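Architecture and fold: a report
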Amino acid sequence: MKNSVVALATPPGISGLAVIRISGKESFSILRKFFYSKSEIEFSKGNRIYYGKIIYKNEIIDTVTASIFVAPNSYTGENIVEISCHGNSLLANKIIDIIIESGARFAEAGEFTRRAFLNGKIDLSQAEAIADLIHSVSNIGITTAAKQLEGKFSQKLKELRQKLLDVSSLLELELDFSEEGLDLVKKTTVRNQIIDSLKYCNSLIDLYTASEISRSGYYVGIAGYPNSGKSTLFNALLNRERAIVSNIPGTTRDYLEESIYKNGNKIIIADTAGIRDTIDTIEIEGIKFVESVIEKSNLVIVLNDSTISLNNSQKLLKSIKDKYPEKDVLLVQNKIDLSQIENISDICISAKNNIGIEELKDLIFKKSYESICGLSDVLINNRHRQLLINAVRHLKLALQSLDNDYGNEIIAYDLRTATKILGELTGETWNEEVLNNIFSRFCIGK
Ligand SMILES: Nc1nc2c(ncn2[C@@H]2O[C@H](COP(=O)(O)OP(=O)(O)OP(=O)(O)O)[C@@H](O)[C@H]2O)c(=O)[nH]1
Ligand SMILES: [Mg+2]
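Residues numbered from 1 in each chain as written. Chains lettered and ligands numbered in written order. Predicted model: local features only at pLDDT ≥ 70, side-chain atom pairs only at ≥ 80, totals over all residues. Heavy atoms only, no water.

Examining the coordination of the magnesium ion (ligand 2)
The magnesium ion (ligand 2) binds to the protein through Ser 231 (OG) and Thr 252 (OG1); the donor distances cover 2.0 to 2.1 Å. Separated by 21 residues along the polypeptide, Ser 231 in helix α9 (residues 230–238) and Thr 252 in the loop between α9 and β9 (256–262) bring together distant segments of the chain. (Donors = N, O, S within 2.8 Å, 3.2 Å for Na, K, Ca; no water. Helix = DSSP H or I, 4+ residues; strand = E, 2+ residues; numbered from the N terminus.)

Right, dumping it as structure tokens:
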């Protein structure tokens, strides 16, 4: 199999420039086959940019720049060439074809970053930070991923693992001196260390939801009985006529999703079918969708038609709160242009007449910001979360063993297991399946 890989590093389409990246031992010899520059290319010296022409089979293809990075001082740790050509996909593809004919092969998704990991340039949590840096839809997500990439989280984990290893080593050493009854490590020291580690791991697990929101956006589902004005509110929040509005109950059948942005935060809003008893099979399908929307919502707005009664949606509100006790649910009174409302604490709007919409929007953005502002130096993904839950389980077992005066070897065993699991976060131990899973989610060219 060819060792050097090539891919387009920029999105396909029309743009000012397109960047094509080649990585591998043969990168420079491949470049020599089609790139002609007036200045002599010094392949022994990296971090240089050369201006020249791509000429292939006597045809001038493009005028480009080629950036040279010499192993190990490059993104992947290998020889890298980055060609910036004019931003036409057809042209970029033509150049990629030439590079493949000259000895490279197409890179797989995430292969550049995978090589960077395998060559020891970054650890696994840093590789994941790169994916998050590319995909995050919030400013906080971007700054957090940047810190994670810098290695702050990896450093903290390393220190934590070292402390746990120190404690377990002392516990094991003590066993060798059991006849002498030597106390090498105080029970309270071990206890405090385990409790601190538990706290840290649990605080990381708690960041999972915030991390997911910063990666993909804050999800707001609008639920309510038919005709309460959900689609009217949906349109008002988007500031355009996206959903069909009518005075016929059961207008919305599917659910609709659209996004709005403010100050580097993304909100996804979902309009749903009105919930009621019906024999209409399409409407029943729509009502089933409502359940899935509510389930994935970070905030559920229960929209009530205040002209019927202020308490008309209580049953729906209660059923959502009972089923999802942790969920943020907001009761909003609609159609206040038609009803006399005084002294109530609920949020009051008229979706049709744009009364209270800006305030509601502000509140949603405030909630979305608050949901992610606790992030600091790491974005927790599902892989991290599962590992952390497992580490917590072993730390708790160690604590129990300690409190029950079990032998040192039993306590040390669980501490070492927790340490090993924590090591998987940064990739101290890994297997092909884990790597395939992580890097398949990257884009080609990264
Ligand atoms: N007066 C008044 N009418 C409103 C207001 N909001 C919505 N309406 C009207 O209420 C009717 C129903 O509005 P929709 O937005 O279609 O209601 P919905 O909840 O999406 O209804 P379904 O999709 O059938 O569940 C329409 O005639 C709207 O014009 C409001 O604030 N004031
Ligand atoms: Mg509707």
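A look at the packing of aromatic side chains
Scanning all chains against the criterion turns up four aromatic pairs. When the centroid spacing of 5.3 Å and the interplanar angle of 70 degrees are considered together, the rings of Tyr 255 and Phe 289 count as edge-to-face. Taken together, the residues span a long stretch of sequence, with Tyr 255 in the loop between α9 and β9 and Phe 289 in helix α10 (residues 281–296) at a distance of 34 residues. A relative accessible area of 34% means that Phe 289 is categorised as partly exposed. Geometry around Tyr 208 places Arg 385 over its ring, the cationic atom sitting 4.8 Å from the centre. Seen from the ring of Tyr 75, Lys 446 lies directly overhead, with NZ or CZ sitting 4.6 Å from the centre. (Phe/Tyr/Trp six-rings, centres within 6.5 Å; stacked < 30°, edge-to-face > 60°. Buried < 20%, exposed > 50% of the residue type's maximum accessible area, 1.4 Å probe, protein only. Lys NZ or Arg CZ within 6 Å of the ring centre and 35° of its normal.)

A closer look at the packing of helix α4 (residues 124–135) against helix α14 (residues 408–426)
Relative placement of two packed helices is described by the angle separating their axes and the distance separating the axes. At a minimum axis separation of 5 Å, α4 and α14 run at an interaxial angle of 40 degrees. Considered as vectors, α4 and α14 are oriented oblique to each other. Contacts between α4 and α14 involve Leu 124, Ser 125 and Glu 128 from the first element and Glu 424, Leu 425 and Thr 426 from the second. Split into classes, the residues belonging to the contact of α4 with α14 amount to two nonpolar, two polar and two charged. (Axes fitted to C-alpha atoms, helices over the stretch in contact; angles between N-to-C directions. Parallel < 35°, antiparallel > 145°, perpendicular 65-115°, else oblique. Contact = heavy atoms within 4.5 Å. Nonpolar A, V, L, I, M, F, W, Y, C, P; charged D, E, K, R; others polar.)

Considerations on empty space enclosed by the protein
Counted by the stated rule, this structure contains one cavity of 30 Å³ or more. Each pocket or cavity is described by its volume, and for the largest cavity that value is around 30 Å³. Only β10 (265–271) and α12 (357–372) provide two or more residues apiece to the lining of the largest cavity. In terms of residue class, the lining of the largest cavity is built from three nonpolar, three polar and one charged. (1 Å grid on protein atoms, 1.4 Å probe; cavity = no way out; pocket = protein on both sides within 12 Å on 5 of 7 lines; lining within 4 Å. Points joined across faces, edges and corners; volume = space filled by probe spheres on them.)

Focus: the environment of Gln 340
Its location among the elements puts Gln 340 in the loop between β12 (328–334) and β13 (347–348). We classify Gln 340 as exposed; its relative accessible area is 77%. Residues Gln 340 and Ser 306, 34 residues apart in the sequence, show an inter-C-alpha distance of 8.9 Å.

Notes on the domain arrangement of the chain
Under the domain assignment used here, the chain contains domain 1 (5–107), domain 2 (127–207 + 379–439) and domain 3 (213–372). Relative placement of domain 1 and domain 3: their C-alpha centres are 51 Å apart. (Domains from an automatic or database assignment.)

Comments concerning unusual backbone geometry
For the bond from Ala 71 to Pro 72, the omega torsion is 5 degrees, close enough to zero to count as cis. Unlike most non-glycine residues, Asn 47 shows phi in positive territory, near 55 degrees. The class for Asn 47 is exposed, based on a relative accessible area of 59%. One non-glycine residue, Asn 354, adopts positive backbone phi at about 60 degrees.

What about the nonpolar core?
By size, the foremost hydrophobic cluster in this structure holds 63 residues, and its most contacted members are Leu 233, Ile 364, Leu 415 and Leu 422. Residue contributions to this core peak at eight residues, all from helix α13 (residues 382–403). Looking at which domains feed residues into this core, each of domain 2 (127–207 + 379–439) and domain 3 (213–372) supplies at least three. In this view, Ile 364 contacts Tyr 218, Val 220, Leu 237, Ile 267, Leu 299 and Ile 301; residues no more than four positions away in its chain are not counted. Residues Ala 18, Ile 20, Ile 41 and Ile 95 belong to the second largest nonpolar core, which totals 30 residues. (Core = buried A, V, L, I, M, F, W, Y, C linked by side-chain atoms within 4.5 Å.)

A few points about the sheet that holds strand β2 (residues 15–23)
Here we have seven strands laid out as an open sheet, ordered β3-β4-β5-β6-β2-β1-β7, and mixed in their pairing. Single-partner strands in this sheet number two, and they are β3 (35–37) and β7 (105–106). The pairing of β3 with strand β4 (residues 48–56) spans three bridges and is antiparallel. Bridge pairing in β4 links Tyr 36 to Lys 53. Contacting β1 (5–8), β2, β4, β5 (59–69), β6 (80–87) and β7, helix α2 (residues 89–101) runs over the sheet at an angle of about 70 degrees to β5. Those strands touched by helix α3 (residues 111–118) are β1, β2 and β7, and its axis lies near 135 degrees from that of β1. (Pairing = 2+ DSSP bridges.)

A short note on the side chain of Thr 76
Its location among the elements puts Thr 76 in the loop between β5 and β6. Here the side chain of Thr 76 touches Glu 78 through a polar contact of 3.1 Å, landing on its backbone nitrogen. (Polar contact = N/O pair within 3.5 Å; in protein donor to acceptor, adjacent residues only side chain to side chain.)

Observations regarding α9
Extensive coverage of α9 is indicated by the burial of nine of its nine residues. Turning to α9, its buried residues number three or more, namely Lys 230, Ser 231, Thr 232, Leu 233, Phe 234, Asn 235, Ala 236, Leu 237 and Leu 238. Contact partners of the buried residues in α9: β8 (218–223), β9, β10, β11 (299–305) and α12.

Here we look at the layout of surface pockets
Roughly 410 Å³ of volume is contained in the largest pocket. As for the largest pocket, its lining consists of 26 residues, of which Asn 227, Gly 229, Thr 232, Ser 246 and Lys 335 are closest to the centre. The element that contributes the greatest number of residues to the lining of the largest pocket is α9, accounting for three residues. Within the lining of the largest pocket, the residues separate by chemical class into eight nonpolar, 14 polar and four charged. Glu 128, Ala 131, Asp 132, His 135, Tyr 208, Glu 212, Arg 215, Asn 381, Asn 382, Ile 438, Arg 441 and Phe 442 together form the lining of the second largest pocket. Contributions of two or more residues to the lining of the second largest pocket are made by α4 and α8 (208–216).

Here we look at the environment of Lys 121
Assignment of secondary structure puts Lys 121 in the loop between α3 and α4. The spatial distance from the C-alpha of Lys 121 to the C-alpha of Asn 73 is 9.1 Å, given a sequence separation of 48 residues. Not counting residues within four places of it along the chain, the set of residues in contact with Lys 121 comprises Pro 72, Asn 73, Ser 74, Tyr 75, Thr 76, Gly 77 and Ala 116.

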